[in-house]
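# Analysis of the macromolecular model
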Amino acid sequence: MILKLKLKRVRQLCESTRELRFETSDRKNLDYEAGQFYRFSFEDNEGLFQRSYSLGNLDDLYGPYLDIVVSKVDGGRATQLLFNAEPGLKATVTGPHGRLVLPADKPRHLFLVATSVGVAPYLPILQKLKNEAYERVDLFFGVRNREEFIYREFLTKYAENHSFFNLKLCISREDAKEEYEHRGYVTDLLKKEDPSPEGTIFLVCGNPKMVEDVWSYLTSKKFGGPQVITEKYVFARDKTVASTKLTEAQKKLIEEELQKYS
Ligand SMILES: Cc1cc2nc3c(=O)[nH]c(=O)nc-3n(C[C@H](O)[C@H](O)[C@H](O)COP(=O)(O)OP(=O)(O)OC[C@H]3O[C@@H](n4cnc5c(N)ncnc54)[C@H](O)[C@@H]3O)c2cc1C
């Protein structure tokens with residue numbers, strides 16, 4: 001499915017992170033599963049290019065809006081465009097893509113593991129979980145410092161109001177102060193918790209190195225592949241994103257759509 005979009009709103013979440021709300025051109029409602037991502041096509045002075053972003057919709061899950069949470073990368077092409085973007089910026093998307101979604105059979109214990117903007121797909125997932133009577137859900141959220149604790153208000157309130165949910169903020173460069181804070185990486189806390197594979201499912205998203213470390217640890221603990229669902233935020237030039245590459249026909253269609261639209 002190809003959708004045409006216009007940038008509607010920009011919010012700076014912290015120095016390195018922006019939330020951008022795009023609206024579908026004909027206010028068409030979204031059809032995706034919480035946790036999935038879209039592949040965006042943008043146009044800058046050098047021409048068309050594509051990047052993938054998870055949907056981080058929090059207050060309107062299935063309306064005409066695509067909310068994405070973007071982290072600044074030095075010298076990055078999308079960073080240059082999106083960190084200078086004003087409402088009205090045009091884009092197209094294909095999707096939804098991805099397997100980072102709630103499992104069909106509810107596990108006894110669900111772990112959500114993220115670093116930085118890897119928390120984005122868990123925002124709609126947490127909204128969905130409100131109606132799904134899970135026994136226990138733990139979010140391990142890795143940041144370098146408290147400034148990077150995006151969606152703090154939503155996550156701390158959610159933890160206060162939902163007894164099934166435990167928030168664990170892993171801070172690598174500052175000491176822990178709050179009850180929910182832990183000094184170190186998400187992998188350090190995971191090893192301390194020593195989870196049992198019995199009735200447990202993991203969703204893991206963000207920095208590729210963290211995702212690989214968590215995967216290696218869990219498989220060494222006899223977790224089976226289907227119990228650990230991962231999404232790596234690999235860079236666009238990395239060959240591992242080839243599975244979401246567009247066909248020549250799709251590329252042509254997007255180019256035509258963007259031209260019509262500009
Ligand atoms: C499935 C999927 C979902 C994704 N979802 C999100 C999301 O929700 N939010 C988000 O911010 N990003 C997400 N990404 C990453 C995103 O697609 C871009 O790669 C990212 O925004 C950087 O793009 P850029 O054009 O600014 O940098 P590029 O122009 O692609 O890269 C510039 C330079 O920086 C290096 N580089 C790129 N990214 C990083 C990095 N993170 N750390 C260090 N060096 C880097 C590159 O190797 C290159 O040398 C996702 C990626 C995938 C595959």
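Residues numbered from 1 in each chain as written. Predicted model: local features only at pLDDT ≥ 70, side-chain atom pairs only at ≥ 80, totals over all residues. Heavy atoms only, no water.

## Some details on the site of the ligand
For the ligand, the set of nearby residues contains 22 residues, the closest of which are Arg 51, Ser 52, Tyr 53, Ala 78 and Thr 79. Contact between the ligand and Tyr 53: an oxygen atom at 2.8 Å from a side-chain N or O atom of the residue. Look at the ligand: alone it shows 940 Å² of surface, and the protein chains cover 78% of it. For the shell around the ligand, the secondary-structure elements that each account for two or more residues are β4 (47-54), β5 (65-71), α1 (77-82) and β12 (228-232). In terms of residues, the shell around the ligand owes the most to one element, β4, which gives four residues. Across the shell around the ligand, the residue classes tally to 12 nonpolar, five polar and five charged. Counting residues domain by domain, the shell around the ligand receives three or more from each of domain 1 (2-98 + 236-261) and domain 2 (109-232). (Near = heavy atom within 4 Å. Polar contact = N/O pair within 3.5 Å; in protein donor to acceptor, adjacent residues only side chain to side chain. Areas by Shrake-Rupley, 256 points an atom, 1.4 Å probe, with all protein chains shown as cover. Helix = DSSP H or I, 4+ residues; strand = E, 2+ residues; numbered from the N terminus. Nonpolar A, V, L, I, M, F, W, Y, C, P; charged D, E, K, R; others polar. Domains from an automatic or database assignment.)

## Let's talk about helix α4 (residues 186-193)
Listed in full, the buried residues belonging to α4 are Val 186, Thr 187, Leu 189 and Leu 190. Buried positions in α4, seen along its axis, are confined to an arc of 160° and lie on one side of it. Where α4 is buried, its residues touch β7 (109-115), β8 (136-143), β9 (165-171), β10 (181-183), β11 (200-206) and α5 (208-220). Once α4 finishes, Asp 194 follows within two positions and takes phi at roughly 50°, a positive value. (Buried < 20%, exposed > 50% of the residue type's maximum accessible area, 1.4 Å probe, protein only. Arc of directions from axis to C-beta. Contact = heavy atoms within 4.5 Å.)

## Describing the domain arrangement of the protein
What the domain assignment reports for the protein is domain 1 (2-98 + 236-261) and domain 2 (109-232). Buried area between domain 1 and domain 2, summed over both chains or domains, comes out near 1,500 Å², and the portion from carbon and sulfur atoms is 66%. Taken together, the connections running from domain 1 to domain 2 amount to zero salt bridges. Taken together, the connections running from domain 1 to domain 2 amount to three residue pairs in polar contact (both at pLDDT 80 or more). If you list the elements that add at least two residues to the side of domain 1 that touches domain 2, you get β1 (2-14), β2 (17-24) and β5. (Buried area = accessible area lost by both parts, 1.4 Å probe. Salt bridge = Lys/Arg side-chain N within 4 Å of Asp/Glu carboxyl O.)

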